[in-house]
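Architecture at a glance
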Amino acid sequence: MPERKTLARAARDRRQRKAATTQAGEFVREEMHHVREGKHGARSAKQAIAIGLSKARRAGVDLKPPKKGTTSEKTRRSAASAYAAGHDDTKKPVSARRSRAVESALEREGHSAASKTALSRQAKSAARKRSAADRSAAARKAAKTRARRAH
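So, a few notes on the structure that sits alongside this text. All chains use their own residue numbering, which begins from 1 and follows the written sequence. Given that this is a predicted model, residues contribute local features only at a pLDDT of at least 70 and side-chain atom pairs are listed and counted only at 80 or more, while totals for whole chains, interfaces and linings are drawn from all residues. Only hydrogens and water are set aside when side-chain values are computed; all heavy atoms of the structure are taken into account.

**Quick notes on the overall build of the protein chain**
Basically, it comes down to this: Segments assigned H or I by DSSP are reported as helices when at least four residues long, segments assigned E as strands when at least two residues long, and all are numbered from the N terminus. Think of it in three bands: residues with accessible area under 20% of the maximum for their type are buried, residues over 50% are exposed, and the middle band is partly exposed, with areas taken using a 1.4 Å probe on protein chains only. Only heavy atoms enter the contact rule, under which two residues are in contact if any of them lie within 4.5 Å. Using the Shrake-Rupley algorithm and a 1.4 Å probe, accessible areas are obtained, with residue cover drawn only from the displayed protein chains.
When its secondary structure is counted, the protein chain shows seven helices and zero strands. Start at the N end of the protein chain and walk to the C end: the helices and strands fall as α-α-α-α-α-α-α. Taken along the three principal axes of its C-alpha coordinates, the protein chain extends 55 × 35 × 35 Å. Expressed as a percentage of the 151 residues in the protein chain, the buried residues total 25%. A separation of at least 24 residues holds for 60% of the contacts in the protein chain among residues at least 6 apart in sequence. Only carbon and sulfur atoms are counted for the fraction: they give 53% of the accessible area of the protein chain, which is about 11200 Å².

**Let's talk about the pattern of salt bridges**
Test applied: Salt bridges are identified by distance alone: a Lys or Arg side-chain nitrogen within 4 Å of an Asp or Glu carboxyl oxygen.
Summed over the entire model, instances satisfying the criterion amount to seven salt bridges. Of the charged contacts, one joins Glu26 and Arg29 as a salt bridge, the two residues approaching to 3.8 Å between their closest N and O atoms. Of this pair, Glu26 and Arg29 are both found in helix 2 (residues 20–37), three residues apart, which corresponds to roughly one turn of the helix. The class for Glu26 is buried, based on a relative accessible area of 12%. Here Arg29 falls in the partly exposed class, since its relative accessible area comes to 40%. The partner of Arg43 in a salt bridge is Glu109, with the nearest N and O atoms 2.6 Å apart. With Arg43 in the loop between helix 2 and helix 3 (45–58) and Glu109 in the loop between helix 5 (96–107) and helix 6 (116–129), this pair connects stretches of sequence that are 66 residues apart. Judged by relative accessible area, Glu109 falls into the buried class, the value being 18%. Taken together, the shared-partner salt bridges in this structure form one network comprising Glu30, Glu31 and Lys55.

Below you can see the structure in the form of structure tokens.
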């Protein structure tokens, strides 16, 4: 279960009509804190980010699962089920046995996945996969939506 502060931050982002990815970023941030403080580990920065995104979807953030062909089918299905769980009013009971198994598996992993270098490496490799047009469009949108400084 995400911390109350994280849910509050995500709710604030939602009220401010910020993008779903921005709202989900709060959950990823929380996950990085968990890995850094030693609550559990992660095999890679990518895994730590994925855990955060899954938590966001389960918390009801409107973060759609990836489109077909962009990621593995397993990842897509997992994201789709997390999204459904967050948008379904009937809450299914959580398997204590499964939760414990996942937690103990993550506890055996290292904590360097949330280091600055690991996150930097992940960000660079993700950016490299994007086309120049993609990056340019993102920069244009950022410039357009950037808050203007009042002089």
